[in-house]
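Single-letter residue listing:
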Amino acid sequence: MERPRHQGMAKNTYLRWRLPLVCLLWEVAMIVLFGVFVRFGAEADAHWEEEKQEMNLTSDIENDFYFRYPSFQDVHVMIFVGFGFLMTFLKRYGFGAVGFNFLLAAFGIQWALLMQGWFHSFKDGKILIGVENLINADFCVGSVCIAFGAILGKTSPIQLLVMTLFQVTLFSVNEYILLNLLHVKDAGGSMTIHTFGAYFGLTVTRILYRPNLEQSKDKQGSVYHSDLFAMIGTLYLWMYWPSFNSAISDHGDAQHRSAINTYCSLAACVLTTMAFSSMLQKKGKLDMVHIQNATLAGGVAVGTSAEMMLTPYGSLIVGSISGIVSTVGYVYFTPFLESRLHIQDTCGIHNLHAMPGLIGGIVGAITAAAATEDVYGKEGFIKAFDFTGVYQTRTPSIQGGFQAAGIVVAVFASLGGPPASRPYPPRPPAHRPTRILVGGILKLPIWGDAAAENCFEDDVYWEV
Amino acid sequence: MERPRHQGMAKNTYLRWRLPLVCLLWEVAMIVLFGVFVRFGAEADAHWEEEKQEMNLTSDIENDFYFRYPSFQDVHVMIFVGFGFLMTFLKRYGFGAVGFNFLLAAFGIQWALLMQGWFHSFKDGKILIGVENLINADFCVGSVCIAFGAILGKTSPIQLLVMTLFQVTLFSVNEYILLNLLHVKDAGGSMTIHTFGAYFGLTVTRILYRPNLEQSKDKQGSVYHSDLFAMIGTLYLWMYWPSFNSAISDHGDAQHRSAINTYCSLAACVLTTMAFSSMLQKKGKLDMVHIQNATLAGGVAVGTSAEMMLTPYGSLIVGSISGIVSTVGYVYFTPFLESRLHIQDTCGIHNLHAMPGLIGGIVGAITAAAATEDVYGKEGFIKAFDFTGVYQTRTPSIQGGFQAAGIVVAVFASLGGPPASRPYPPRPPAHRPTRILVGGILKLPIWGDAAAENCFEDDVYWEV
Amino acid sequence: MERPRHQGMAKNTYLRWRLPLVCLLWEVAMIVLFGVFVRFGAEADAHWEEEKQEMNLTSDIENDFYFRYPSFQDVHVMIFVGFGFLMTFLKRYGFGAVGFNFLLAAFGIQWALLMQGWFHSFKDGKILIGVENLINADFCVGSVCIAFGAILGKTSPIQLLVMTLFQVTLFSVNEYILLNLLHVKDAGGSMTIHTFGAYFGLTVTRILYRPNLEQSKDKQGSVYHSDLFAMIGTLYLWMYWPSFNSAISDHGDAQHRSAINTYCSLAACVLTTMAFSSMLQKKGKLDMVHIQNATLAGGVAVGTSAEMMLTPYGSLIVGSISGIVSTVGYVYFTPFLESRLHIQDTCGIHNLHAMPGLIGGIVGAITAAAATEDVYGKEGFIKAFDFTGVYQTRTPSIQGGFQAAGIVVAVFASLGGPPASRPYPPRPPAHRPTRILVGGILKLPIWGDAAAENCFEDDVYWEV
């Protein structure tokens, strides 16, 4: 079945020993590392009774669990059902979409608990975890799910696990630089999750460029019911995005405000997406690809600023613009990226995550730079931007500058270094160290990826 | 494809300029109006730190966000996945069901934030919004989703947007009359949402009566998997209905009680629906239409009374009756409405929302009238019915009378005035001002609706 | 259509009078019993205002509703969408899977509120209910949904209702013995829900053994889209399992800890399941049956210990092992059970619930026995195991012993008495009183079950 055609060598997709080996060895590694490092944080530990007394808390309701658990569950649904089902639109890749997303996310959250834990929750040699760590692990894996969208249907599950290993690592480094070194605000992850995840995925799909992909063109479309399955993913992402952007904001008004801003932005985004979807199609018909994806751009684009005083009408403006940009991207940019830059982006993550993510970063920088004590209140101002300690002399305009710097860092980190000077005509794309490393490893002929004519086909890795 | 047949004129379903124009102009209008009017409420504003001190609150957990956000998200799922997927049962109208529901709801919640805001949250020239406003906007749009059920498959997306504009406006006026002028309790919206929404939708479908609809009869059925998609909608509506009915109840016991009553009512409703579905079918087989719809009547029918001391067994009784009434409605009333009153009700909203909504209003009136200080406690009694200020002299029986008046007002408002004296034989249905206005506008030949033989077909408005 | 073949008598599946009669009579019984017994608990009653003052509570947020309602809704989704859709994998039994699950669960939660209420919430002649009762009722019904998995496609809806009646009753007795008499901890129900439910279901399917089931073998498989529907069920069970295991734990750290342990266990379980699914298949391909089911074993296996100080790495270990055991079970045990023990287990509940449930019980016993004041803190230790009153002298090792005893009791209770001494060669399986009773009743030829060649076919009971 796996005849070598248009390929330098036969493709061996038999994973019987390779996939189990990787899964089991890595799970053993997780167990060992968790055993050495991971313990319950104070609010999840049985010593909490004593902790409560020390902290003078009168009620169990003050446990962070009650502030964040509902949002955590919504985020959890977005990662597993949202991203998983969004990618089931392909007619014969539903198992791979849901199943591989399940696999990489389940591995990724374990590795993210460790990586993020070392950077952010490390105390006396232990990583102390609570519900906020679970949310952050899901967030981190969200960026891998985004990258998966670019290479959907073209990689083996082992490649996805390898990519997850590298991406989670790099994500955590980038996140640490942004949040801790630059002291940037990015609660909904426009920069850390979306921009980073999307450009990382685009880099990977560029490295894994398949010149003969038109051989599986007939399988790159959808069928009627696969589009409906994808709408399950779309709607859960859309509905729960207010939880995504508010999940790790400060308690109280910040969580409340994030949810409202995101709600408004997403509502506006649906209208402009529908408008442009119809306008850009010759017969004026709506295109399911746009409805499934571009309607979500509004959530991405307020990821940084949702917890700020963006205001409801500001959110409507941002949401409207991002819906337009994203839909236009699907119609014009995606074909361009493939034909001219050899970037084959199966789900169009450049339109849904990269561009709206950049918008989100910019809107965040502007909103931060425009902040005043008048708008936030004296205490609210300090709390919103965490202008305490060494940061107490930061002004809004300086903060805006750092926010802008964060965008640049996120893009560079995702590309594995500064972009190549001449991306066209196509050349071996790995010019920078990380890119050489990740690219080199993912291109090794040992991971069991399929030949071009077998892409987008569940039959390769699944009993169908 | 769009041959004029049995129609006075050719139908032009080409929306390339019309749909974008409506979407974009209206979104611009929303941005302007939000810019002028909408601001964050105290609990979502960065000044909350100061507010907390003024209100002597010791913890962020007192923010209304933590009382209502989980319920809000459940309601949000009901509106977008619940109603959206419930209507995917048609074999070739899944995109329209989910997609148009998405479009009208996304527009509707913005317009509802404004309309309801002017009536209920207007202060010093600004509408101050918080999570409760988001819930109420979703509720308002819920009534539009209900009305959409009656005309499913027979209108263009522009008509739906126009209908949404009018319905949200009228909803808000009716809601203001009931809640503020009549001081009626209706937390789960039996009257304001279900009765109003259903009769509004039935009025619209009557106005848009299509004499030749049997031409698309083959498309009015379901296929096996479309029925399973619809069950996703059914179950999410069913499971989250306790959140729907408790979402805006008073903090504490009232929210708690609403959830319990609704849970009980819905459980009972499933059994009587199954019983009558089997009993009314010659071969004794169950009918998916009933299971998808009538099982939900129990949630509608306790919408008004759930937050009252209806008691669990009272809820079982109400749920049992509503399941029977609804199932009987599907078998006998729907065909009657179409053949005799020319009311073509695609989803049978008369059975799921109109009749159970009326039951809900009546049960609410009785439960209110039967309230005693003994049952509620002295303070609980005043709190439950808000018998303070000018209402402190109201007695339960007077409250019951006002509740009953609320039902009548809701029905009249939804019909756009008192019903025509002779609904049969069929005559031009628009006798009253609002009905003439809405009906006249929706019947304009400019909105791009399809010919009768192309109804219930996604191909008209979607790239398939 | 219902030709008698290989059967002693013709099968009559005409339910027109029987199903309605059972549904309506039982619902009337529920109404009467609820009327006599069920009232609102203090936190859902309108007297709560006074209660608050007596209990010196300063805020409505202290109402148990706000501690547990979000988890309740997640559990609710698991029961109705999780179990319902998980069982839609069969190509022509989707209506029965979702619909009958809906029916039996809707009845079961009412009966469970009564049964569990009499045992646990009975005060002055009344059952006082609140959100915790709703969760427990859903839990109880969860065990029935599990049992349904074993007999999926082979019984009539009336048989399912009869089974539900008996199983809920026996569940409540068993639960009372474990929780109250043995003072065993089992918040996530490894023993009370999973072990009990699974062995009960296996007993029932053994009693209802169908020797000619291979006549409907062609319908026992899945089709592409039915497998995707099933993945909806899988993912909702997987994602919400942290809520399941933490829903009724003590407020504060215990709920927090349960969620974290479950999250970790489930993540690990996915990797080992994928590994063994690929390893045990000749071509190394992944099998959807395993992914849909064995990935969930990690949630079952930490059901007892999740609220204890199992630690995150302990959870990873338990999750890893349970994924392996479960997958191996699907490949080797299920065929063995059918061919040698005549146990026809449609969904493989032995692999997903019975074995992981036993693991869960054992892990719970070990974790309890290993508890120390050092690990839990002095107060935390007493609170975690409720070592107060008559139990204040219990040591961890004694508690571990009681936990182990609980496993044995749960298994015996589910089998309706001690197991038969010689389960092979096959003999009439009902040796013990309960088994004779339940088995005898379910085998009565009056419930309308289908002939072997019509099993796994919606057409028998549904208008298709």
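Because the structure is a prediction, the values reported are computed rather than measured.

Our next topic: the relation of the copies chain B and chain C. Superposition of the two copies of the chain requires a rotation about an axis and a shift along the axis. Note on the identical chains: chain B maps onto chain C by a rotation of 120 degrees and an axial translation of 0.0 Å, with an RMSD of 0.0 Å. The symmetry that links the two subunits is that of a three-fold axis. Distance from the rotation axis, computed per C-alpha, reaches its smallest value in chain B at Pro 70 of chain B: 3.6 Å. Looking at the interface residues of chain B, only 11% of them are also at the interface in chain C, so each copy uses its own face.

Superposing chain B onto chain A takes a rotation of 120 degrees plus a shift of 0.0 Å along the axis, which leaves an RMSD of 0.0 Å. Little of the interface of chain B is mirrored in chain A: 10% of its interface residues are interface residues there too.

Okay, the interface of chain B and chain A next. Of the residues lining the interface, 77 residues belong to chain B; the matching set on chain A comes to 69 residues. Here chain B and chain A share an interface that buries about 6300 Å² over both sides, 72% of which is from carbon and sulfur atoms. Three residues stand out in chain B for area buried against chain A, namely Phe 40, Phe 95 and Phe 102 of chain B, and they jointly supply 11% of the buried area on that side. Inspection of the region where chain B meets chain A yields 2 salt bridges. Between Lys 285 of chain A and Asp 459 of chain B there is a salt bridge whose closest N-O contact spans 3.7 Å. Taken together, the connections running from chain B to chain A amount to 31 residue pairs in polar contact (both at pLDDT 80 or more). For the side of chain B that touches chain A, the secondary-structure elements that each account for two or more residues are helix H1 (18-37), strand S1 (38-40), helix H2 (48-54), helix H3 (64-86), helix H4 (94-120), helix H5 (131-151) and helix H8 (224-246) of chain B. Ranked by residues supplied to the side of chain B that touches chain A, first place goes to H4 of chain B with 12 residues. Within the side of chain B that touches chain A, the residues separate by chemical class into 49 nonpolar, 14 polar and 14 charged.

Right, let's get into the UniProt feature "domain: Ammonium transporter AmtB-like" (unreviewed entry) in chain A. Here the UniProt feature "domain: Ammonium transporter AmtB-like" (unreviewed entry) sits at residues 63-411 of chain A. Along residues 63-411 of chain A one finds 73% helix and 2% strand; the C-alpha atoms at either end are 36 Å apart.

For the rest of this paragraph, the subject is the packing of H8 of chain B against helix H4 (residues 94-120) of chain C. Running from N to C, H8 of chain B and H4 of chain C cross one another at 20 degrees; their axes reach a closest spacing of 9 Å. One way to sum up the angle between H8 of chain B and H4 of chain C is to call them roughly parallel. The interaxial crossing formed by H8 of chain B with H4 of chain C has left-handed handedness. Residue-level inspection shows Tyr 224, Asp 227, Leu 228, Met 231, Thr 234, Leu 235 and Trp 238 of chain B of H8 of chain B in contact with H4 of chain C, the latter providing Gly 94, Phe 95, Val 98, Phe 102 and Ile 109 of chain C. Here the contact of H8 of chain B with H4 of chain C is built from residues that sort into 9 nonpolar, 2 polar and 1 charged.

Here we come to the side chain of His 183 of chain B. Summarising the element assignment, His 183 of chain B is placed in the loop between helix H6 (157-181) and helix H7 (190-207). Engagement of the side chain of His 183 of chain B in a polar contact is seen with the backbone oxygen of Asp 386 of chain B, the distance being 3.2 Å.

Turning to the pairing of strand S3 (residues 126-129) of chain A, a few remarks are in order. Residues and elements named next belong to chain A. Only one face of S3 is covered, namely the face carrying Ile 127 and Ile 129; the face carrying Lys 126 and Leu 128 is uncovered. Pairing between strand S1 (residues 38-40) and S3: 3 bridges, direction parallel. Within the sheet, the bridge partner assigned to Val 38 lies in S3 and is Ile 127. Here strand S2 (residues 122-123) runs beside S3; their pairing, made up of 2 bridges, is antiparallel. By the bridge assignment for S3, Lys 123 is matched with Lys 126. Adjacent in sequence and paired antiparallel, S2 and S3 are bridged by 2 residues, among which Asp 124 carries a positive phi angle near 55 degrees.

Turning our eyes to something else, we now look at the interface of chain B and chain C. One frequent convention defines the size of an interface as the accessible area lost when the parts assemble. The interface is formed by 70 residues belonging to chain B together with 77 residues belonging to chain C. The largest per-residue losses of area from chain B upon contact with chain C belong to Tyr 224, Tyr 263 and Leu 271 of chain B, which jointly make up 13% of the total buried on that side. Run the count over chain B and chain C and you get 2 salt bridges. Taken together, chain B and chain C are joined by 31 residue pairs in polar contact (both at pLDDT 80 or more). Among the secondary structure elements, those contributing two or more residues to the side of chain B that touches chain C are H3, H8, helix H9 (253-279), helix H10 (288-293), helix H12 (312-341), helix H14 (373-376) and helix H15 (378-385) of chain B. Examining the composition of the side of chain B that touches chain C, we find that 19 residues originate from one element, H9 of chain B, more than from any other. Each residue belonging to the side of chain B that touches chain C can be placed in one class, and the counts come to 38 nonpolar, 19 polar and 13 charged.

Side chains that differ in charge, positive against negative, can pair when their charged atoms come close. All told, the structure shown has 30 salt bridges over all chains when counted by the stated rule. Residues Glu 49 of chain C and Lys 383 of chain B are paired through a salt bridge, measuring 2.6 Å at the closest nitrogen-oxygen approach. Residue Glu 49 of chain C is located in helix H2 (residues 48-54), and its partner Lys 383 of chain B is located in helix H15; the two belong to separate chains.

Conventions we followed
- Residues numbered from 1 in each chain as written.
- Chains lettered and ligands numbered in written order.
- Predicted model: local features only at pLDDT ≥ 70, side-chain atom pairs only at ≥ 80, totals over all residues.
- Heavy atoms only, no water.
- Least-squares fit on C-alpha atoms with pLDDT ≥ 70 in both.
- Contact = heavy atoms within 4.5 Å.
- Buried area = accessible area lost by both parts, 1.4 Å probe.
- Salt bridge = Lys/Arg side-chain N within 4 Å of Asp/Glu carboxyl O.
- Polar contact = N/O pair within 3.5 Å; in protein donor to acceptor, adjacent residues only side chain to side chain.
- Helix = DSSP H or I, 4+ residues; strand = E, 2+ residues; numbered from the N terminus.
- Nonpolar A, V, L, I, M, F, W, Y, C, P; charged D, E, K, R; others polar.
- UniProt positions renumbered as here; feature names shortened; annotations may be inferred.
- Axes fitted to C-alpha atoms, helices over the stretch in contact; angles between N-to-C directions.
- Parallel < 35°, antiparallel > 145°, perpendicular 65-115°, else oblique.
- Left-handed = near helix turned anticlockwise from the far one by under 90°.
- Buried < 20%, exposed > 50% of the residue type's maximum accessible area, 1.4 Å probe, protein only.
- Pairing = 2+ DSSP bridges.

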